[in-house]
Amino acid sequence: SPVDLNALLRRQDVDTPQNASLPNVTIYSTGGTIASVGTSNTQTIGYSVGLGVQQLVDAVPEILNIANIDGYQVSNVDSGRINSTILLNLTQLINAELAKETVAGVVITHGTDTLEETAMFLDLTINSTKPVVIVGAMRPATALSADGPLNLLQAVTLATSEVARGRGVMISLNDRIGSALYTTKMHANAPDTFYATEQGQLGFYINQVPYFYYEHALPTGKPFFNISGATDLPHVDILYAHQQANGALVNASYESGAEGIVFAGVGAGGLTPAYSLAAQELYNATGIPMVASHRSPDGFAPISESNGWIIGSGPLNPQKSRVMLQLAIEVGYDNEKIRSLFAGTMPDADA
Ligand SMILES: NC(=O)C[C@H](N)C(=O)O
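Now for a quick tour of the structure.

This paragraph deals with the sheet that holds strand 17 (residues 310-312). Here we have 4 strands laid out as an open sheet, ordered 14-15-16-17, and parallel in their pairing. Taken across any chain shown, the strands that pair with only one partner, and hence form the sheet edges, are strand 14 (236-240) and strand 17. Strand after strand, the sheet turns through a mean of 30° between neighbouring axes, direction not considered. Sheet topology places strand 14 next to strand 15 (residues 260-265); 5 bridges connect them, and they run parallel. Along strand 15, the bridge assignment pairs Val236 with Gly260.

Now the structure itself:
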C-alpha cells in the first residue's frame, strides 16, 4: 500500500468483552459533532471535537449486546477538515477489513457537514457487499438530548444486519437509512437533517430494528473505482453559479491546479453567462473535464450530446459530482468516458 497506514493510524483495540456468539463490527472514528464536547449541557454550537472511539463506544454499553467492537481512530476533526489522505486511508482500511471473513460490517463516525462526500467516496471505492454505515450527530455528546449515542447504536445494528447487505454505503441518522448517492444534508442545525432527494430513503429504524422499503438494490449506474494505488486525489473545484457570477473564477481555479471543474448551476445546470464563456474558452484551450450540476438540491442536469464540451451531472448534486469526477480523473477516464459515467446515473439510461 502506498500509504503507510501504521505510521498514520493508531489501531485502538477498543477494550470490550468478546462474545463468540455475536458478529464483529469495526468502527472508524473521524471526529465531528458525534465526538464533540461542549462546556455545558445546553451548548449546541461552538463545541469542540474531543472524544475518541473508545469513549463513543463506552457511552453506549447496549452496543455490546449487538456486536463485538474493534475500532480505529482515523482522525479527530471537524468534517470540514476531512482530506484526501483521510479518505484514502479509510477506503484502504475498510476494504482490507471487509475482506476478513470474521467481520460482519463497518461503521464510520463522521461530522455531518461533509458526511455525504465521504459516503459518496467510500461508496465508489469499497468493493464489498457487507454493510458499510456512516453515522454522525447534530448535538454534541454533552448536550441534553444528544443524538449520537442512539445514532451509533442504530448504525452498529445496521452493520450486523443481513438485510443491509448489497446496498452500498448507507447514511444512517435520526432513524433514517439513506443511500450515499442520494442522501444530502438539508438542515444546518436541526437533528433531522439528512434527507434523500427524489430517489427516496432506503429504510427506517423501528425500535432500533432496521426495516428496508425495497429488496436489495443499488442506485442506477453506480460505478466502482479501484484506487488501491492512489496516494492523492485530483484537485477538482466547485464553482457556484448565481446572477452575475464572476467568470474570472474559472481561470483562477484552473491556474491554481484544478484538473476538473464542477459548476453548481442554476436550474437544470445553467452556468450563467460569464462562467459559460470562460468555461468554454478554458475547455477549448485545455480540454479539462467540466461538469454542470444543479444548485437546487433535487432534480437533474441533462447530459449534453457527446460533441458538447460540458457534461451534465444528471441527478448528482455538486458535492457528489465532484467526488465522482475526482475518481474518474484519478483512474484516467477521458471526457467521453466521464460523460458516459454521469449519463449512467440517469433513470432509464442505456448509455
Ligand atoms: N453535526 C456535525 O457533525 C457538524 C460538524 N461541524 C462537523 O461536520 O464536523
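Contacts to the ligand come from Gly32, Thr33, Asp78, Ser79, Gly111, Thr112, Asp113, Ala137 and Met138. A distance of 2.9 Å separates an oxygen atom of the ligand from a polar atom in the side chain of Thr33. A distance of 2.6 Å is found between an oxygen atom of the ligand and a side-chain nitrogen or oxygen belonging to Ser79. Notes on the ligand: free accessible area 270 Å², of which the protein chains cover 91%. At a threshold of 2 Å from the grid points, most atoms of the ligand map onto the second largest pocket. Split by residue class, the shell around the ligand holds 2 nonpolar, 5 polar and 2 charged.

Thresholds applied
- Residues numbered from 1 in each chain as written.
- Predicted model: local features only at pLDDT ≥ 70, side-chain atom pairs only at ≥ 80, totals over all residues.
- Heavy atoms only, no water.
- Pairing = 2+ DSSP bridges.
- Helix = DSSP H or I, 4+ residues; strand = E, 2+ residues; numbered from the N terminus.
- Axes fitted to C-alpha atoms, helices over the stretch in contact; angles between N-to-C directions.
- Near = heavy atom within 4 Å.
- Polar contact = N/O pair within 3.5 Å; in protein donor to acceptor, adjacent residues only side chain to side chain.
- Areas by Shrake-Rupley, 256 points an atom, 1.4 Å probe, with all protein chains shown as cover.
- 1 Å grid on protein atoms, 1.4 Å probe; cavity = no way out; pocket = protein on both sides within 12 Å on 5 of 7 lines; lining within 4 Å.
- Sits in = over half its atoms within 2 Å of the grid points.
- Nonpolar A, V, L, I, M, F, W, Y, C, P; charged D, E, K, R; others polar.

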